Amino acid sequence: MSTFDLDIKFVRKLAELLKETGLTEIEYAEGDKRIRCVGAHAPVQQIVAAPTAAAAAPVSVASNAPVAAVPVVTEGTHVTSPMVGTVYLSPEPGAPAFIKVGDKVKQGDTLLIIEAMKVMNPIKAPASGTIVELPVTDAKPVEFGETLVVIG
Amino acid sequence: MTPSFFRIQELDVTASTNAVAKQAAEAGEAEGLVVRALRQTAGKGRLGRTWESPEGNLYASVLLRPRSITLQWAALYSFAAALAVHDAVLKACPEASLQLKWPNDVLVEDKKISGILIETAPVVQNLVDWIVVGVGINVASHPQEALYPTTSLSEQGASVTVDAILTYFLQSLEQWRQTLYYDGFCPLRKAWLSDAKMGPMVVRTPTGEIQGDFAGIDPKGGLILRLAEGAETVIQTGDIFFL
């Protein structure tokens, strides 16, 4: 992975812009350099055991690597809704649910589907583990950032 | 001419073109693939609804991989697809009265002539890996029993081949997908609103029915509904029935 001189001032400017506009994230690329700022209100996975995590806006800086701003954790992962929409727990009405509390899931398994504007978005497990909590109801609306599943 | 961005894979029969396109996407297929079948044995609409797929109509699914877009943004491809179907149908029947129904239905003489099913796959939480835009356009026939009144191009008096409709659709989709990616949602919203069906409606949402007047679409594509008391609400998911 190549590195480049980090212009702290520029990153700060992006972070300010993020706050000012209320956007979730800003990405800036020039050549093979890329800076991505993600606001604190973005759906970032949180560790349950660390309630003091991240009061300030986390700013992630990447080089030309693919964007991967969220840390992958293996325990107590809160999977939050990346969008406002409707949650579906099974692939279609009447079909068995993708998951239930107590199920073991592997990273990448589909947990549920969120629909918005008639676009179907499967949400995948960011980590392997056991479903310890499933606080959402089938065919009900979910808000941005709302916890969908907790994987322990 | 089909834009060079697209590569068409022709199938006689398949269960669902979306399923084939999704499988290709998962296997790493590059964007621009169009899976097209003469008929489908398990054509799907939203929520697992059956999409009748006899020979003579268009069934196609397009694989897109827009870079670094969020799931929230991917929802806007619903409008790109609707506008592309709208343009294709208008080209086939220039005299017809066309309207758009939120978010992606195309109505001719108040009847549904097409269906769109869009599916995505997120990479990490909210960045999109791929989008499959599935489209069905009634060319030769239309279902008699459906949730909404339906029509077909042939019923509207258009003599057009399925191949030609696919080409028109892809030509327009190419423009709208580029506009959405490079210029944002604003031009799509404007184009969509200029042909939107307005008026009082009932929206069947997952939490119940809401009645109101069409009051536009918000910058994220949500349906703005003016309620009886003058208040407004924004709908992200629901089936619309005009009163």
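Up top is the structure these notes are about.
The structure displayed is predicted, hence computed values, not measured ones.

### Quick word on the nonpolar core
Here is step 1 of the chain: Formed by 84 residues in total, the largest nonpolar core has its most connected members in Leu-111 and Leu-112 of chain A together with Leu-153 and Trp-192 of chain B.
Here is step 2 of the chain: Per-element tally for this core: the top contributor is helix α3 (residues 77-92) of chain B, with eleven residues.
Here is step 3 of the chain: Other than its neighbours up to four places away in sequence, Leu-112 of chain A contacts Val-87, Tyr-88, Leu-89, Phe-98, Asn-121, Pro-122, Ile-123, Val-136, Leu-148 and Val-149 of chain A.
Here is step 4 of the chain: Of all hydrophobic cores here, the second largest spans ten residues; its members include Val-20, Ala-21, Ala-24 and Val-132 of chain B.

### What about the sheet that holds strand β11 (residues 223-226) of chain B?
Residues and elements named next belong to chain B.
Here is step 1 of the chain: Strands sit in the order β12-β11-β10-β9-β13 across an open sheet of five strands; the sheet is antiparallel. Each edge of the sheet is formed by a strand with only one pairing partner; in this case those strands are β12 (232-235) and β13 (239-242). Each strand of the sheet is rotated relative to its neighbour by a mean of 45°, with strand direction disregarded.
Here is step 2 of the chain: As judged from the three bridges shared by strand β10 (residues 208-217) and β11, these two strands associate in the antiparallel manner.

### With respect to the interface of chain B and chain A
Here is step 1 of the chain: Contacts between chain B and chain A engage 36 residues on the former and 32 residues on the latter.
Here is step 2 of the chain: Between chain B and chain A the total buried area reaches about 2,800 Å² when both faces are included, carbon and sulfur atoms providing 57% of it.
Here is step 3 of the chain: Counting across the chain B and chain A interface gives four salt bridges.
Here is step 4 of the chain: For Lys-118 of chain A, the salt bridge identified is with Asp-239 of chain B, shortest N-O distance 3.5 Å.
Here is step 5 of the chain: Counting only elements with at least two residues in the side of chain B that touches chain A, the list comes to α2 (71-74), α3 and β7 (114-122) of chain B.
Here is step 6 of the chain: The leading source of residues in the side of chain B that touches chain A is β7 of chain B, at six residues.
Here is step 7 of the chain: Considering only residue class, the side of chain B that touches chain A consists of 14 nonpolar, 15 polar and seven charged.
Here is step 8 of the chain: In the sheet, strand β8 (residues 119-124) of chain A pairs with β7 of chain B via two bridges, with the strands oriented parallel. By the bridge assignment, Met-120 of chain A is partnered in β7 of chain B with Glu-119 of chain B.

### Concerning the pattern of salt bridges
Side chains carrying opposite charge are able to pair once their charged atoms draw close together.
Here is step 1 of the chain: Under the definition given, this model contains 19 salt bridges over all chains.
Here is step 2 of the chain: A salt bridge links Arg-46 of chain B to Glu-115 of chain A; its shortest N-O distance comes to 2.2 Å. On the criterion of chain membership, the pair formed by Arg-46 of chain B in the loop between β2 (33-40) and β3 (58-64) and Glu-115 of chain A in strand β7 (residues 110-116) is interchain, its members lying in two chains. The two residues Arg-46 of chain B and Glu-115 of chain A agree in class, both being buried.
Here is step 3 of the chain: The partner of Glu-26 of chain B in a salt bridge is Lys-124 of chain A, and the shortest N-O contact between them spans 3.8 Å. Taken together, the positions of Glu-26 of chain B in helix α1 (residues 17-26) and Lys-124 of chain A in strand β8 put the pair across two chains.
Here is step 4 of the chain: Several salt bridges converge on common partners, so that one network encompasses Glu-115 and Lys-118 of chain A together with Arg-46, Arg-49 and Asp-239 of chain B.

### Describing the sheet that holds strand β5 (residues 105-108) of chain B
All names here are of chain B.
Here is step 1 of the chain: In spatial order, the strands read β4-β5-β6; together these three strands make up an open sheet with antiparallel pairing. Single-partner strands in this sheet number two, and they are β4 (98-101) and β6 (111-112).
Here is step 2 of the chain: Bridge analysis of β5 against β6 gives two bridges, and the strand direction is antiparallel. Note that in β6 the partner of Val-108 across the bridge is Lys-111.
Here is step 3 of the chain: Lying on the sheet, α3 is in contact with β4 and β5; it crosses β4 at an angle near 165°.

### Concerning the pairing of strand β4 (residues 77-80) of chain A
Residue and element names in this part refer to chain A.
Here is step 1 of the chain: What you see with β4 is no split at all: Thr-77 and Val-79 on one side and His-78 and Thr-80 on the other are buried throughout.
Here is step 2 of the chain: Of the strand pairs in this sheet, β4 and strand β11 (residues 147-151) are connected by four bridges, and their pairing is antiparallel. Note on β11: the bridge partner recorded for Thr-77 is Ile-151.

### What about the packing of α3 of chain B against helix α4 (residues 162-183) of chain B?
Residues and elements named next belong to chain B.
Here is step 1 of the chain: Taken N-terminus to C-terminus, the directions of α3 and α4 make an angle of 145°; their axes are 8 Å apart at the nearest point. Here the hand of the crossing between α3 and α4 comes out right-handed. Listed contacts from α4 to Tyr-77, Ala-80, Ala-81, Leu-83, Ala-84, Val-85, Asp-87, Ala-88, Lys-91 and Ala-92 of α3 are Ile-165, Tyr-168, Phe-169, Gln-171, Ser-172, Leu-173, Trp-176, Arg-177, Leu-180 and Tyr-181.

### With respect to the side chain of Arg-36 of chain B
Residues and elements named next belong to chain B.
Here is step 1 of the chain: As for its placement among the helices and strands, Arg-36 is situated in strand β2.
Here is step 2 of the chain: Of the polar contacts made by the side chain of Arg-36, one reaches the side chain of Asp-163; its length is 2.9 Å.
Here is step 3 of the chain: Dropping the residues within four chain positions of it, Arg-36 is found in contact with Ile-8, Gln-9, Glu-10, Leu-11, Thr-17, Leu-58, Tyr-59, Ala-60, Val-162, Asp-163 and Leu-166.

Criteria and cut-off values
- Residues numbered from 1 in each chain as written.
- Chains lettered and ligands numbered in written order.
- Predicted model: local features only at pLDDT ≥ 70, side-chain atom pairs only at ≥ 80, totals over all residues.
- Heavy atoms only, no water.
- Core = buried A, V, L, I, M, F, W, Y, C linked by side-chain atoms within 4.5 Å.
- Buried < 20%, exposed > 50% of the residue type's maximum accessible area, 1.4 Å probe, protein only.
- Helix = DSSP H or I, 4+ residues; strand = E, 2+ residues; numbered from the N terminus.
- Contact = heavy atoms within 4.5 Å.
- Pairing = 2+ DSSP bridges.
- Axes fitted to C-alpha atoms, helices over the stretch in contact; angles between N-to-C directions.
- Buried area = accessible area lost by both parts, 1.4 Å probe.
- Salt bridge = Lys/Arg side-chain N within 4 Å of Asp/Glu carboxyl O.
- Nonpolar A, V, L, I, M, F, W, Y, C, P; charged D, E, K, R; others polar.
- Left-handed = near helix turned anticlockwise from the far one by under 90°.
- Polar contact = N/O pair within 3.5 Å; in protein donor to acceptor, adjacent residues only side chain to side chain.

In short, the description is geometric, and any link to function would need to be established separately.
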